[in-house]
Amino acid sequence: MSAPQALIMRTNRQEVSDLTKKAVASLGSVKVVATDRVESCIDALVKDAGAMLLVDWSLGSAEVNQILGAIRRHFKVEIRSVILVIDEIIPEIVATAIEYGVSQIHSGPLAVETIASCLKNLMDEVQHSNPIRDTLLQVAVAREKGNWAFVTPVLQNLLDQNPENTRVVMELAENLIHEKNWDSALNLLAPLASTEIPHIRALHLMGRCYLGNGNSEEAIKVLSKAKLLNPDHLDRLVDLGHAFMANDQPEEAKAEFNQALAIDPDFMDAQKGKGQALLMTGEVNEGLALLKVVSGNREIASIFNTAAILSVRKERFEKGRDLYITALRALGSDTSIASRLFYNLGLAYTKWSKLEKAQAAFDRSYKLDPTFSKVQKHVDVQKLERVAQEGLPQPTLAVEEFKEEEVAKVDAKDSQDPAPIGRKEVSADGIITESTDEDEWSPIDPAA
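The structure reproduced in this document is the subject of the present report.

Criteria and thresholds
- Residues numbered from 1 in each chain as written.
- Predicted model: local features only at pLDDT ≥ 70, side-chain atom pairs only at ≥ 80, totals over all residues.
- Heavy atoms only, no water.
- Helix = DSSP H or I, 4+ residues; strand = E, 2+ residues; numbered from the N terminus.
- Buried < 20%, exposed > 50% of the residue type's maximum accessible area, 1.4 Å probe, protein only.
- Contact = heavy atoms within 4.5 Å.
- Areas by Shrake-Rupley, 256 points an atom, 1.4 Å probe, with all protein chains shown as cover.
- Pairing = 2+ DSSP bridges.
- Axes fitted to C-alpha atoms, helices over the stretch in contact; angles between N-to-C directions.
- Right-handed = clockwise from strand over helix to strand, strands pointing away.
- Core = buried A, V, L, I, M, F, W, Y, C linked by side-chain atoms within 4.5 Å.
- Phe/Tyr/Trp six-rings, centres within 6.5 Å; stacked < 30°, edge-to-face > 60°.
- Lys NZ or Arg CZ within 6 Å of the ring centre and 35° of its normal.
- Expected span 1.5 Å × (residues − 1).

## Overview of the overall build of the protein chain
- Within the protein chain one finds 22 helices and five strands.
- Counting every position in the protein chain, which comprises 448 residues, the buried fraction comes to 54%.
- Look at the contacts in the protein chain between residues 6 or more apart in sequence, and 64% of them connect residues 24 or more apart.
- In the structure as shown, the protein chain presents an accessible area of about 20100 Å², 50% of it carried by carbon and sulfur atoms.

Shown next, in the form of structure tokens:
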């Protein structure tokens, strides 16, 4: 691999900037890209995957997390050479650096010679073949293409050859999580999470496993422990918010999403999470308004669907019903979405023991999409076809529960998906929106 051609620098200290520029000048072949804002730093890193990064902890934990988290989300596996400049060694800072795979930490007084030596060592490492680095580059490319199935055996083979390498353990665990192989991932991660100073990313990934297998209380426990060590990791704040949501604690969830948005007001995962939390706390209009800014119709339906399912599981049937009806009023002009919302509304009414209304909802679901396989076992297909052929009154929900004409009055602007804005990666991998309980709730795929 060729040597890096650039060093991207983010610091708020003139001394660090001046010394770094002199050190780079002594190397001759590397240019310095000094950035004055977190956004310009992230943009520069995204544009140059091979550039080195020097970031100064004096910027504050929140900004350092924002930068390192953004490039990891973008590149799937971050193997960039990173120097973190700190004033003194503090265990929590070191743990954060390890979490992000920082290459070198420089503490104490700075000197041109010291910085130049660090940079030269990093450049030499990049140019020399390294089996682990080379494999992780392949992993990054495969994940970017969505070829996660290819990656698991590759990483397993790499771990067999390097059983003590925590970086490989983390990447394999992340792949197993993507495949929903929660138990295998937990077995890999547990030893790293039980050390005197636990590996923060191991705790975080364990939290995602517990989210995936439905153990929201344990997810809250391990994610909160990771947060104590590094309180400003954006993806973790969002995951902890979703864990609180799954545990029927929407106010606590909203606090986590708000903390993430205080660091990065444009972080879409946090905006969507807050929108869902607002739905759960009864602030439906505020939640819908926020979601319409950051999501398309299918994703809004998915978020409403998840919030409604969580409400029904806690036997708050009226809230669940109202969420479905609100979603239908806003999104019902899309018959595919409406069919699945009506189907899940039917399941909600079934749990509520309102079987007549459940049947009306199932019938409406079938009428909107006869090809929807899940609803077919809940309806009398021959009867519905006969009703349609003979022009008899169509099955509807009671007027006080839902007025059919209100679905047809959705504004035209609401029936079209807005263009996606900003980031498109969802850190929880959609775990929360899927359901596999005995009622066969129908997830609504945001990407369909």
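The rest of the description comes next.
## Notes on the sheet that holds strand β4 (residues 82–86)
- The strand order across the open sheet formed by five strands is β2-β1-β3-β4-β5, and the pairing between neighbours is parallel. Only two strands of the sheet have a single neighbouring strand rather than two, namely β2 (31–34) and β5 (104–107). On average, each strand axis in the sheet is inclined to that of its neighbour by 20°, with strand direction left out of account.
- For strand β1 (residues 6–10) and strand β3 (residues 52–56), the ladder comprises four bridges, and the chain directions are parallel. Bridge pairing links L7 to M52 in β3.

## Side note on the environment of P198
- Mapped onto the secondary structure, P198 falls in the loop between α9 (182–193) and α10 (200–212).
- Residue P198 is classed as buried on the basis of its relative accessible area of 7%.
- When the C-alpha positions of P198 and K225 are compared, they lie 9.2 Å apart, and in sequence the two are 27 residues distant.
- Ignoring any residue separated from it by four or fewer positions in sequence, one finds P198 in contact with L192, A193, L203, K225 and L229.

## What to know about the environment of P446
- Mapped onto the secondary structure, P446 falls in the segment after α22 (404–408).
- Sequence separation between P446 and R298 is 148 residues, and the spatial gap between their C-alpha atoms is 4.9 Å.
- Every residue in contact with P446, bar those within four places of it in the chain, is listed here: R298, E299 and S302.

## With respect to the pairing of β3
- Across the five residues of β3, five count as buried, placing the element largely inside the fold.
- Neither face of β3 is open: one carries M52, L54 and D56, the other L53 and V55, and all of them are buried.
- Handedness of the crossover joining β3 and β4 through helix α3 (residues 61–75): right-handed.

## What about the nonpolar core?
- L189, L279, F304 and Y324 are the most contacted members of the largest nonpolar core, which has 95 residues in total.
- Residues contacting L279, with those up to four places away along its chain left out, are V284, G287, L288, L291, I303, F304, A307 and L323.
- Ranked by size, the runner-up nonpolar core spans 25 residues in total, among them V38, C41, A51 and I67.

## Points about the environment of M170
- The residue M170 is located in helix α8 (residues 166–178) in this model.
- As a C-alpha pair, M170 and H199 span 29 residues in sequence and 9.9 Å in three-dimensional space.
- Not counting chain neighbours up to four residues away, the residues in contact with M170 comprise L189, L192, H199, R201, A202 and L205.

## Points about the packing of aromatic side chains
- One pass over the structure, following the stated rule, counts four aromatic pairs.
- Seen from their ring centres, F317 and W352 are 5.7 Å apart, and the 15° between their planes marks the pair as stacked. Of this pair, F317 sits in helix α17 (residues 317–331) while W352 is found in the loop between α18 (335–351) and α19 (355–368), placing the two residues 35 residues apart along the sequence. For the residue pair F317 and W352, the accessibility class agrees, reading buried in each case.
- Between Y343 and F362, the aromatic rings sit 5.8 Å apart at their centres with planes inclined by 50°, giving tilted as the arrangement. Here Y343 is found in helix α18, whereas its partner F362 is found in helix α19, with 19 residues between them in sequence.
- Y343 gets classed as buried once you look at its relative accessible area, which sits at 0%.
- Through a chain of ring-to-ring contacts, three or more aromatic side chains come together here, namely F317, Y349 and W352.
- Its end group placed over the ring of F372, R340 keeps NZ or CZ at 4.2 Å from the ring centre.
- The side chain of K354 reaches across the aromatic face of W352, ending 4.8 Å from its centre.

## A closer look at unusual backbone geometry
- Positioned with a positive phi, K76 is a non-glycine residue whose angle comes to about 70°.
- Position of K76 among the secondary structure elements: in the loop between α3 and β4.
- What makes K76 buried here is its relative accessible area of 17%.

## Points about α9
- In this model, α9 (12 residues) spans 15 Å end to end at C-alpha, consistent with the 16 Å of a helix rising 1.5 Å per residue.
- Buried positions along α9 lie against α8, α10 and α11 (216–229).

## As for the pairing of β5
- Only one face of β5 is buried: it carries Q104 and H106, and the other face, with I105 and S107, is open.
- Running through helix α4 (residues 91–99), the crossover from β4 to the neighbouring parallel element β5 is right-handed.

## Things to note about the side chain of T135
- Tracing the backbone shows T135 in helix α6 (residues 131–144).
- Aside from chain neighbours lying at most four places away, what touches T135 is V154 and L158.

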